[in-house]
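Analysis of the macromolecular model
So you can see what is in the structure, the chains are spelled out below.
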Amino acid sequence: MNNQDKILTTRDVRLWYGDKEALHGIDLDFPKKGITALIGPSGSGKSTYLRALNRMHDLEENVTVTGSFTFLGEDIYAPTTDTVDLRKKIGMVFQQPNPFPFSIYDNVILGLRFSGVKDRKVLDRVVEESLKAASIWEEVKDHLNDSALSLSGGQQQRVSIARVLATSPDLLLLDEPTSALDPVSSHNIEETLMNLRDQYAMIIVTHSMSQASRISDRTAFFLSGDLVEVDDTRKIFLDPAKKETQDYISGRFG
Ligand SMILES: Nc1ncnc2c1ncn2[C@@H]1O[C@H](COP(=O)(O)OP(=O)(O)O)[C@@H](O)[C@H]1O
Ligand SMILES: [Mg+2]
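Just so it is clear, the model here is predicted, and its values are computed rather than measured.

1. A short note on the pairing of strand 2 (residues 20-31)
Here strand 1 (residues 6-17) pairs with strand 2 via nine bridges, running antiparallel. Its bridge partner being in strand 2, Leu-15 is matched across the sheet by Leu-23.

Set out below in structure tokens:
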């Protein structure tokens, strides 16, 4: 990957919970567009790595992060980085849809409200664009003032995606965004992400190898806090370089 094609470069990423090292020196780069899947058994460090990318660990005690994280030329861990701003540029979608007990409309514009945007026309436009991009506009456009809690889990998750898109991110982090959803809702989320792959860089943690192979362009395999290998998704699933990867994708463990 050429440097100008990269959105994010990480080098020698180590992370400790207290004195326990959970990531042992991860080197991983991400392209400006498309989906990278992080796969690996439970406890292999996927979420830990993902959360380091937008400094979510800053909110926890006793976590130490080292290594370099360069996002569009900037050092993510520079003391001058505004983490609120950072988390708009690197947005995060969690496993559980997490709407606030407000209207659908207000859920989508939450980030903009925090930034002080008040112009109703601007807000209306962002709500429509974000809900369209998250493939849920048609389902909710006639009742934007209903509580987001009245929606199904799958719809709530798409509203969560719309909320993240509303802050104009460059990179989306998704930590098992479909694992709390039924198969139809999961399919809708996968379609949504595939519709966004030409516009955004996305990193998705998934324990579903079939999901990784369906939707991702690149796949990184984590094991016990190490990155075993990263490559084009087809290569990882058809002809992985490492025996550990072969064992994992053929279901021998994890
Ligand atoms: N908040 C935490 N405090 C202490 N240890 C943690 C914490 N979160 C995760 N871990 C440990 O770090 C390792 C990696 O966990 P995690 O990143 O959640 O794995 P994955 O997302 O691949 O399932 C595991 O050994 C886990 O027990
Ligand atoms: Mg996890």
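2. With respect to the pattern of salt bridges
Side chains bearing opposite charge may pair, as long as their charged atoms lie close to each other. Enumeration over the complete set of coordinates arrives at 18 salt bridges. The partner of Lys-6 in a salt bridge is Asp-29, and the shortest N-O contact between them spans 2.9 Å. In this pair, Lys-6 sits in strand 1 while Asp-29 sits in strand 2, placing the two residues 23 residues apart along the sequence. Residue Arg-218 pairs with Asp-232 through a salt bridge whose shortest N-O separation is 3.7 Å. Of this pair, Arg-218 sits in strand 9 (residues 218-223) while Asp-232 sits in strand 10 (residues 226-232), and the two are 14 residues apart along the sequence. For Asp-232, a relative accessible area of 42% gives the class partly exposed. Sharing partners across several salt bridges, the network here consists of Lys-6, Arg-11 and Asp-29.

3. Observations regarding the packing of aromatic side chains
Under the defined criterion, the tally for this structure stands at five aromatic pairs. Considering the side-chain rings of Phe-69 and Tyr-77, the 4.7 Å spacing of their centres and the 50° angle between planes classify their relative orientation as tilted. Geometrically, the ring pair formed by Phe-221 and Tyr-248 is stacked, given 5.0 Å between the ring centres and 20° between the ring planes. Of the two residues, Phe-221 is situated in strand 9 and Tyr-248 in helix 10 (residues 243-249); the sequence distance between them amounts to 27 residues. In this structure Phe-221 comes out as buried when scored by relative accessible area, which is 0%. We classify Tyr-248 as buried; its relative accessible area is 3%.

4. Considering the sheet that holds strand 4 (residues 63-71)
Within a beta sheet, neighbouring strands are joined by backbone hydrogen bonds and run either parallel or antiparallel to one another. The four strands are arranged 2-1-4-5 in an open sheet whose pairing can be described as antiparallel. Two strands lie at the open edges of the sheet, namely strand 2 and strand 5 (74-75), each paired on one side alone. In the packing of helix 1 (residues 46-53) onto the sheet, contacts are made with strand 1, strand 2 and strand 4, and the angle to strand 1 comes to roughly 120°.

5. As for the packing of helix 4 (residues 120-133) against helix 6 (residues 153-165)
Between helix 4 and helix 6, whose axes approach to 8 Å, the crossing angle comes to 125°. One element, helix 4, and the other, helix 6, form an angle in the oblique class. Crossing hand, helix 4 versus helix 6: right-handed. Of helix 6, the residues touching helix 4 (which contributes Ser-130, Leu-131 and Ala-133) are Val-159, Ala-162 and Leu-165. Looking at side-chain class alone, the contact of helix 4 with helix 6 contains five nonpolar, one polar and no charged residues.

6. Examining the layout of surface pockets
Reported here for the largest pocket is a volume of approximately 610 Å³. Along the walls of the largest pocket sit 19 residues, with Arg-87, Lys-88, Gly-111, Phe-114 and Arg-163 positioned nearest its centre. Its residues assigned to classes, the lining of the largest pocket comprises 10 nonpolar, six polar and three charged. Along the walls of the second largest pocket sit Phe-71, Leu-72, Glu-74, Asp-75, Ile-76, Ala-78, Thr-80, Thr-81, Asp-82, Asp-85, Leu-86 and Lys-89, which together make up its complete lining. Only strand 5 and helix 2 (83-89) provide two or more residues apiece to the lining of the second largest pocket. The element that contributes the greatest number of residues to the lining of the second largest pocket is helix 2, accounting for three residues. Along the lines of polarity and charge, the residues of the lining of the second largest pocket split into five nonpolar, two polar and five charged.

7. Regarding the pairing of strand 8 (residues 201-205)
Counting buried positions along strand 8 yields five of five residues, so the element is predominantly enclosed. With five bridges joining them, strand 3 (residues 34-39) and strand 8 adopt parallel strand pairing. Within strand 8, the position partnered with Ile-35 by the bridge is Met-202. Inspection of the sheet shows strand 7 (residues 171-175) paired to strand 8 by five bridges, in the parallel sense. Bridging from a neighbouring strand, Leu-174 pairs with Ile-204 of strand 8. You can see the chain leave strand 7, run along helix 7 (residues 183-196) and come back into strand 8, and the turn it takes is right-handed.

Rules behind the numbers
Residues numbered from 1 in each chain as written. Chains lettered and ligands numbered in written order. Predicted model: local features only at pLDDT ≥ 70, side-chain atom pairs only at ≥ 80, totals over all residues. Heavy atoms only, no water. Pairing = 2+ DSSP bridges. Helix = DSSP H or I, 4+ residues; strand = E, 2+ residues; numbered from the N terminus. Salt bridge = Lys/Arg side-chain N within 4 Å of Asp/Glu carboxyl O. Buried < 20%, exposed > 50% of the residue type's maximum accessible area, 1.4 Å probe, protein only. Phe/Tyr/Trp six-rings, centres within 6.5 Å; stacked < 30°, edge-to-face > 60°. Contact = heavy atoms within 4.5 Å. Axes fitted to C-alpha atoms, helices over the stretch in contact; angles between N-to-C directions. Parallel < 35°, antiparallel > 145°, perpendicular 65-115°, else oblique. Left-handed = near helix turned anticlockwise from the far one by under 90°. Nonpolar A, V, L, I, M, F, W, Y, C, P; charged D, E, K, R; others polar. 1 Å grid on protein atoms, 1.4 Å probe; cavity = no way out; pocket = protein on both sides within 12 Å on 5 of 7 lines; lining within 4 Å. Points joined across faces, edges and corners; volume = space filled by probe spheres on them. Right-handed = clockwise from strand over helix to strand, strands pointing away.

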